[in-house]
Amino acid sequence: MQKTDRLVLLRQERLAYLDAVASGDIASAWSALEREHILAQPFFWPHIKSHSAMLRFAVHQRDIKEIFGQILRLVLAPLGNVFGRLPHG
């Protein structure tokens, strides 16, 4: 998949997330963030931004387990990107 195609899909998933949040559909919101994350993995900043969005949403949902999980991922994701140790979805 071309970088530009992937970036378009990233934007679509972010919009799907925002729409789901606006309609109160929490499950769909998480699903959109998860899809965005998979698409973002090959790119440093989009990958970090996807984890940041997941952290903000976890805080909004008061999901303590997810909050700690995303903090850990925000610490480890840069290392994974730098050393090429991330799966590509």
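Residue positions are given per chain, counted from 1 along the sequence in the order it is written. It should be noted that, the model being predicted, local features are given only for residues of pLDDT at least 70 and side-chain atom pairs only at 80 or more, the latter also being counted only at that level, while totals for whole chains, interfaces and linings use all residues. By convention in this description, side-chain values take in all heavy atoms of the structure and omit both hydrogens and water.

Caption draft 1: Region of interest: helix α1 (residues 3-23). Put simply, DSSP H or I for four residues or longer makes a helix, DSSP E for two residues or longer makes a strand, and each gets a number counted from the N terminus. Here the expected length of a helix is defined as 1.5 Å per residue gap, with one fewer gap than residues. Over its 21 residues, α1 runs 30 Å from end to end, which matches the ideal 30 Å to within 8%, given 1.5 Å per residue. For α1, the full list of buried residues reads R6, L10, E13, R14, Y17 and A20. What you see down the axis of α1 is that its buried residues fit within an arc of 125°, all on one side. Seen from the open side of α1, the exposed residues pointing more than 90 degrees away from its buried face are T4, R11, D19, A22 and S23. Contact criterion: two residues are considered in contact whenever any of their non-hydrogen atoms come within 4.5 Å of each other. Where the residues of α1 are buried, they touch α2 (26-40) and α3 (44-61). G24 sits one or two residues past α1 and shows a positive phi near 80°. The buried label applies to any residue whose accessible area, calculated with a 1.4 Å probe on protein chains only, is under 20% of its type's maximum; exposed applies above 50%, and partly exposed to all values in between. In this context, the arc is that of the directions from the helix axis out to the C-beta atoms.

Caption draft 2: Geometry of the packing of aromatic side chains. Any pair of Phe, Tyr and Trp rings, taking the six-membered ring for Trp, is counted once the centres come within 6.5 Å. Such a pair is stacked with planes under 30 degrees apart, edge-to-face with planes over 60 apart, and tilted for the rest. Under the counting rule described, the total for this entry stands at 3 aromatic pairs. Judged by centre distance (4.9 Å) and plane angle (80°), the rings of F44 and W45 are edge-to-face. Feature note: the residues Y17, W30 and F57 constitute an aromatic cluster, connected by ring pairs.

Caption draft 3: Spotlight on a nonpolar patch on the surface. The patch calculation keeps residues exceeding 30% relative accessible area without a salt bridge and links them within 9 Å when they carry like charges or within 5 Å when they are nonpolar (Val, Leu, Ile, Met, Phe, Trp, Tyr). For every accessible area listed, the method is Shrake-Rupley and the probe measures 1.4 Å; residues are considered covered only by the protein chains on display. Here a salt bridge means any side-chain nitrogen of Lys or Arg lying within 4 Å of a carboxyl oxygen belonging to Asp or Glu. Where nonpolar side chains cluster on the molecular surface, the patch consists of F44, W45, I64, F68, I71, L72, V75, L76, L79, V82 and F83 and spans about 1200 Å² of accessible area. Listed by contribution, the elements that provide at least two residues to the nonpolar patch are α3 and α4 (64-83). Residue contributions to the nonpolar patch peak at 9 residues, all from α4. Along the chain, the position of W45 falls in helix α3. According to the relative accessible area criterion, W45 is exposed, its value standing at 58%.

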